[in-house]
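As a plain string of letters, each chain reads:
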Amino acid sequence: EKGWLGGGNTGRNTTIVRSNYMIPGNTMFYERSVRLWENLSQTLNFNVMMSQRGQYNIAHSPAGLDAHRRRANIMRANGIDAELLGRDEVRRRLPYLDYSDRARFPVEGAIFQARAGTARHDAVAWGYARAADRLGVDIIQQCEVTGFLRDGERIVGVETERGPIRAAKVALAVAGHTSHLASKAGLKLPIESHALQAFVSEPVKPMIDSVISFAGTHLYISQSDKGGMVLGGDIDGYNTYAQRGGMPMIEDTLQSVKAFIPALSRLKIVRHWAGIMDMTMDGSPIITKTPIDDLYLNGGWCYGGFKATPASGWCFAWTIARDEPHEDNARFTIDRFAKGVQIDEKGVGAVPHHQ
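Everything numeric here is computed off the predicted structure, so don't read it as measured data.

Analysis parameters
- Residues numbered from 1 in each chain as written.
- Predicted model: local features only at pLDDT ≥ 70, side-chain atom pairs only at ≥ 80, totals over all residues.
- Heavy atoms only, no water.
- pLDDT = per-residue confidence, 0-100.
- Contact = heavy atoms within 4.5 Å.
- Pairing = 2+ DSSP bridges.
- Helix = DSSP H or I, 4+ residues; strand = E, 2+ residues; numbered from the N terminus.
- Axes fitted to C-alpha atoms, helices over the stretch in contact; angles between N-to-C directions.
- Buried < 20%, exposed > 50% of the residue type's maximum accessible area, 1.4 Å probe, protein only.

Undergrad: Mind showing me how you'd approach the confidence of the model for the protein chain here?
TA: Should pLDDT be low for a region, the predicted coordinates there are not to be read in detail. For the protein chain, per-residue confidence averages 93 on the pLDDT scale, and residues scoring 70 or more make up 97% of the total. This stretch, residues 349-355, has a pLDDT under 50; its non-local contacts, to residues over four places away or in other chains, come to 26 contacts.

Undergrad: Can you walk me through the sheet that holds strand β8 (residues 163-166) in this structure?
TA: Two modes of strand pairing occur in sheets, parallel and antiparallel, and in both the strands are linked by backbone hydrogen bonds. Here we have three strands laid out as an open sheet, ordered β6-β7-β8, and antiparallel in their pairing. Two strands in the sheet have a free side with no partner beyond their single neighbour: β6 (145-151) and β8. Within the sheet, the average angular offset between the axes of one strand and its neighbour, ignoring direction, is 30°. Where β6 lies against strand β7 (residues 154-160), six bridges are found, and the strand directions are antiparallel.

Undergrad: Any chance you could explain unusual backbone geometry here in plain terms?
TA: A negative phi angle is the norm for most residues apart from glycine, just as the trans form is the norm for most peptide bonds. The phi angle at N45 is positive, at roughly 55°, despite the residue not being glycine. Looking at the secondary structure, you find N45 in the loop between α2 (40-44) and β2 (55-59). Positive phi values are uncommon outside glycine, yet D323 reaches one of about 55°. Tracing the backbone shows D323 in the loop between α8 (309-322) and α9 (336-339).

Undergrad: Just checking my understanding: could you explain the pairing of strand β4 (residues 109-113) for this structure?
TA: One face of the sheet, then the other: side chains in a regular strand alternate in exactly this way. Among the five residues in β4, five count as buried, and that is most of the element. Alternating residues of β4 divide into G109, I111 and Q113 and A110 and F112, and every residue in both groups is buried. Of the strand pairs in this sheet, β2 and β4 are connected by five bridges, and their pairing is antiparallel. Across the sheet, Y56 pairs through a bridge with F112, a residue of β4. Across four bridges, the pairing between strand β3 (residues 83-86) and β4 is antiparallel. Counterpart to G86 in the pairing with β4 is G109.

See the structure below:
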């Protein structure tokens with residue numbers, strides 16, 4: 001680990017867990033992840049503070065509600081919980097949204113997934129680390145990988161700041177810096193790196209008891225146990241490895257909050273940060289063997305990395321151990337981009353979907 005445990009994207013996200021995906025390849029993968037989340041505290045023997053408080057994905061037009069209806073039907077057809085709500089029911093459950101005739105983004109309805117929610121990101125990192133340590137895994141912090149060891153065309157280890165480490169197989173799981181590290185092995189990936197900003201407000205009394213995402217502007221919000229509003233928006237539109245974002249996206253996100261929930265307009269923001277996102281061209285991840293012998297890749301998570309943590313690790317371990325993918329990650333290959341068989345979740349609605 002180049003830094004410290006939880007210092008990367010694991011500790012820099014808005015902690016949302018959900019499985020409201022609709023493209024084959026993603027649908028059951030993320031549902032597997034939610035099912036693993038539901039028992040993760042018991043599996044790790046560490047409280048990851050999983051809170052299945054439910055998620056509302058708001059529609060702002062009749063056409064948007066039709067698109068939500070299609071998504072909900074696909075979810076239900078795959079055994080994933082989804083409830084389509086009309087405007088009146090959303091207003092009964094979420095009375096603090098702007099339902100006025102002058103609302104910038106009218107509320108027409110929503111999809112509600114009751115099993116979605118949040119988990120504590122630091123607890124997830126520490127729980128996995130402790131469980132891995134118990135199984136004999138050595139976790140070396142503050143140790144940057146500087147290159148790869150080769151035997152002909154095979155990867156046989158890594159060079160680090162503290163010296164070489166040899167291995168029969170080498171696996172990359174370095175969200176945010178996937179393309180940077182893969183380039184050291186001569187691997188060029190269909191990935192761009194962008195900053196994704198998040199914010200926490202000053203604490204207020206309990207108000208929002210679920211996760212709410214808005215399709216009109218890429219906004220998502222929940223309330224933490226301490227009372228702060230945790231919110232995030234869209235990625236900054238330029239490539240960067242810096243863990244900070246630009247003012248235009250700050251302004252866009254906070255304007256959206258004010259438009260949707262006027263009662264929050266006077267709240268002060270007390271913390272603000274950014275994580276680095278590996279953005280693939282189709283909005284779906286890569287979990288696969290690479291074209292380089294004995295090198296394996298887990299990356300390209302776009303907005304979905306934290307919620308995918310359990311299934312991502314499970315499927316990656318399967319792929320490394322067996323030299324073949326599990327059926328749940330069989331489509332997450334690199335060559336799908338060359339073959340034109342993308343899992344184009346982004347194409348069916350990146351703004352309302354990727355929270």
